[in-house]
Amino acid sequence: QVQRAVEAMQLITVRLDTQVSVSAKDVSWRGDVLASVQVPVSLFFGVDLARARVDALDLGITRGVRVRVPTPTRLATEVYQMNEKADVQTGWLRWRAMGGEYVLGLARKAVSDEARRMVLTPEDQQRVLDQSRARIEQLVKVMVGDGLPVSVEFEDHANDTESR
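Residues numbered from 1 in each chain as written. Predicted model: local features only at pLDDT ≥ 70, side-chain atom pairs only at ≥ 80, totals over all residues. Heavy atoms only, no water.

Asks: I'm lost on the overall build of the protein in this one. Help?
Replies: Check the secondary structure of the protein and you find three helices and eight strands. Start at the N end of the protein and walk to the C end: the helices and strands fall as α-β-β-β-β-β-β-α-α-β-β. Of all 164 residues assigned to the protein, the portion counted as buried reaches 35%. Counting contacts in the protein only where the partners sit at least 6 residues apart, residues at least 24 apart contribute 71% of the total. In the structure as shown, the protein presents an accessible area of about 10200 Å², 52% of it carried by carbon and sulfur atoms. (Helix = DSSP H or I, 4+ residues; strand = E, 2+ residues; numbered from the N terminus. Buried < 20%, exposed > 50% of the residue type's maximum accessible area, 1.4 Å probe, protein only. Contact = heavy atoms within 4.5 Å. Areas by Shrake-Rupley, 256 points an atom, 1.4 Å probe, with all protein chains shown as cover.)

Asks: Is there a simple way to think about the side chain of Ser132 in this case?
Replies: Along the polypeptide, Ser132 turns up in helix α3 (residues 122–144). On the basis of relative accessibility, which here comes to 0%, the residue Ser132 falls in the buried class. Not counting the four nearest positions on each side in its chain, Ser132 is found in contact with Thr13, Val14, Pro72 and Phe154.

Asks: For this particular structure, what's the right way to read the environment of Glu153?
Replies: The topology assignment puts Glu153 in strand β7 (residues 150–154). With 87 residues separating them in the primary sequence, Glu153 and Arg66 have C-alpha atoms 7.5 Å apart.

Asks: Would you explain the pattern of salt bridges in this entry?
Replies: Following the criterion strictly, the structure yields eleven salt bridges and no others. Notably, a salt bridge pairs Asp55 with Arg66, separated by 3.8 Å at the nearest N-O pair. With a gap of eleven residues between them, Asp55 in strand β3 (residues 53–59) and Arg66 in strand β4 (residues 62–69) connect regions that are remote in the sequence. Three or more residues joined by partner-sharing salt bridges are found here, namely Asp55, Arg66, Arg68 and Glu153. (Salt bridge = Lys/Arg side-chain N within 4 Å of Asp/Glu carboxyl O.)

Asks: I tried to follow helix α2 (residues 96–116) on my own but got confused; where do I start?
Replies: Owing to its 3.6 residues per turn, the α-helix aligns residues three or four sequence positions apart on the same side. With 21 residues, α2 should cover 30 Å at 1.5 Å per step; its first-to-last C-alpha distance of 29 Å lies within 8% of that length. When the local axis directions of α2 are compared, the greatest deviation, roughly 30°, occurs at Ala110. Within the span of α2, buried status applies to Gly99, Gly100, Val103, Leu104, Ala107, Val111 and Ala115. Buried residues along α2 sit in contact with β1 (10–26), β2 (33–48), β5 (73–79) and β6 (85–90). (Expected span 1.5 Å × (residues − 1). Bend = angle between axes of the 7 residues up to and from the residue.)

Asks: Explain α3 here, please?
Replies: For α3, with 23 residues, the first-to-last C-alpha span of 33 Å sits near the 33 Å given by 1.5 Å per residue. Looking at the residues trailing α3, positive phi occurs at Gly145, about 100°.

Asks: How should the environment of Ile136 be read in this particular structure?
Replies: Among the secondary structure elements, Ile136 is positioned in helix α3. Between the alpha carbons of Ile136 and Val69 there is a distance of 9.1 Å; along the sequence they are 67 residues apart. Aside from chain neighbours lying at most four places away, what touches Ile136 is Leu11, Thr13, Val47, Val67, Val69, Val152 and Phe154.

Structural data, given as structure tokens:
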């Protein structure tokens, strides 16, 4: 994923650490089995710099740089299975070694798909936009110098401009 991101000029701007919880259940006359797994997950968001547009920005007396980039998207999802927390509850005539491990395997199998389906809260969406804007601004200032004001705009959020 990293090699593809570099080739496509995708800049990872934000890493959000969270966790995924998945449960699986098997119902039987011998007793139910309930398995749950909690796994840490990192979501990586970034922008495609190949589609960036750079314009001169006229602020009256001073000039600056305006950078327009696509809205940040999720570039990768990493699931850290080695740090999982698992819990298995078995019914009165069920053994963890047989039925419990099978149901736990079903829960583990669903973790990656659940992590990819995660949807950000509005607060996290705003955090991704704000941190992406700040990181792109830092990158541009390294190239053009701190003396010029830099404005970063996202294509889908043209009114969310921040000038400095």
